[in-house]
Structure formats: structure tokens, C-alpha cells
Amino acid sequence: MAKFDIIVGSVLGASEYVADAVSETLAEHGHSAVIHLNPKYSEISKDSVWLVCTSTHGAGDLPDNIQSFAQQISEQNLADISFMIVGLGDSSYDTYCNGARTMEDLLIKSGAKQLCEALHIDVLVNPIPEEIAILWLNDILTKITISQ
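Residues numbered from 1 in each chain as written. Predicted model: local features only at pLDDT ≥ 70, side-chain atom pairs only at ≥ 80, totals over all residues. Heavy atoms only, no water.

Asks: Which residues make up the side chain of Thr-25, and what are the values?
Replies: Take Thr-25: it is sitting in helix H1 (residues 14-28). Non-local contacts of Thr-25, meaning those with residues more than four positions away in its chain, are made with Ile-134, Leu-137 and Asn-138. (Helix = DSSP H or I, 4+ residues; strand = E, 2+ residues; numbered from the N terminus. Contact = heavy atoms within 4.5 Å.)

Pasting the structure below:
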């Protein structure tokens, strides 16, 4: 089956919980996953599907732990990379899920292929975001073929 690298951008830990739940779900489907809490481009496999799981910080910024990674990928040709996005946000802010949108834009501009529409989880509506992420991933894994 496929290999996944789960790239986490987190401030308060909710994205880490989602990453753990997504990793378990991938394993249940026979896939392998490595979680990167302090992602560095040089440490992420180029032969895996990248699953970015990030929240938004401050005025629509990426969390501190993923900012360097975002800068690194903006300087790369990622034409051989396939990716998926899970964003966490609070819809009461006008920068709702802006961290996830930023990562999605950077990956697309760097040539990476998006496998499915991004999932944006509103923590006001879904206070346990990992539940929604698991449902989404189970659905996605039945609809798309991932070959790595």
C-alpha cells in the first residue's frame, strides 16, 4: 500500500491529535505513515503522499513549527509530490483555515498534485476535529487510488 508523511502545523495541539487519528486510520487501511511535528523538507520522503494537517495562528499565519518548512517548499520543484490537506480553524475569524489555504497554495505553486479537495474543520462546530478527519479520510480512501 501507500506511504504517507503527515506534516503537522500546530499551536495548541489539536492538529497533533488529528495527525495521530489520521495515522491510525491510514494503518487500518494498510498504509504506513510517519508524523512530522517539526517538519523539515530534507526529512520528508519524496516517495510518499504528503498529508498536511495544520491550524491557523494569529492573523491567519502558519503555526511557528511549520513556517520554515513552508519557506523550504516554496523554493522546490514538487512535481513528483502528491498531497492532501486538513485544516483546522475557527469560522468566527475572517482568516478561517488560512494556514491550510497557505500550504495548499504553496504546494500547488511548487508543482505538487492535490489528490482531493482540502478538508477545513471548523472547531466551533466540531470541537473534536479528529472525528471529522477520520470520516473524511475513510471516505477519500474509498474514492481515490493512491499509488506510491
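Asks: Talk me through the side chain of His-36; I want residue IDs and the actual numbers.
Replies: By the secondary structure assignment, His-36 is in strand S2 (residues 32-36). Among the polar contacts listed, one links the side chain of His-36 to the side chain of Asp-5, at a separation of 2.5 Å. (Polar contact = N/O pair within 3.5 Å; in protein donor to acceptor, adjacent residues only side chain to side chain.)

Asks: Explain the packing of H1 against helix H4 (residues 129-143) residue by residue, including any values.
Replies: Close contact between H1 and H4 brings their axes to 9 Å; oriented N to C, the two are set at 30 degrees. Of the two elements, H1 crosses H4, and the hand of that crossing is right-handed. Contacts between H1 and H4 involve Tyr-17, Val-18, Ala-21, Val-22, Thr-25 and Leu-26 on the former and, on the latter, Pro-129, Glu-130, Ala-133, Ile-134, Leu-137, Asn-138 and Leu-141. For the contact of H1 with H4, the class distribution of residues is ten nonpolar, two polar and one charged. (Axes fitted to C-alpha atoms, helices over the stretch in contact; angles between N-to-C directions. Left-handed = near helix turned anticlockwise from the far one by under 90°. Nonpolar A, V, L, I, M, F, W, Y, C, P; charged D, E, K, R; others polar.)

Asks: Tell me what's going on with the packing of helix H2 (residues 64-73) against helix H3 (residues 98-109), and back it up with residues and numbers.
Replies: Interaxial distance between H2 and H3 falls to 9 Å at its minimum, and their mutual angle equals 25 degrees. On the basis of their axis angle, the class for H2 and H3 is roughly parallel. The hand of the H2/H3 crossing is left-handed. Counted together, Ile-66, Phe-69, Ala-70 and Ile-73 of H2 and Met-103, Leu-106 and Leu-107 of H3 form the full contact between these two elements. Of the residues belonging to the contact of H2 with H3, the class tally is seven nonpolar, no polar and no charged. (Parallel < 35°, antiparallel > 145°, perpendicular 65-115°, else oblique.)

Asks: Quick one: what's the story with the environment of Leu-88, residue by residue and with numbers?
Replies: Turning to its location among the elements, Leu-88 is positioned in strand S4 (residues 82-89). Taking relative accessible area as the criterion, Leu-88 reaches 3% and is therefore assigned buried. Excluding residues that lie within four positions of it along the chain, Leu-88 makes contacts with Ala-14, Ser-15, Val-18, Cys-53, Thr-54, Ser-55, Thr-56, Cys-97, Ile-121 and Pro-129. (Buried < 20%, exposed > 50% of the residue type's maximum accessible area, 1.4 Å probe, protein only.)

Asks: Before we move on, could you go through the pairing of strand S1 (residues 3-9) and cite the residues and values that matter?
Replies: Across the seven residues of S1, six count as buried, placing the element largely inside the fold. As defined by bridge partners, S1 adjoins S2 across five bridges and the pair is classed as parallel. Paired with Phe-4 across the two strands is Ala-33, which belongs to S2. (Pairing = 2+ DSSP bridges.)

Asks: So, unusual backbone geometry: which residues are in play, and what are the values?
Replies: Even without being a glycine, Cys-97 presents a positive backbone phi close to 60 degrees. By secondary structure assignment, the location of Cys-97 is in the loop between S4 and H3. You can call Cys-97 buried: its relative accessible area is 0%.

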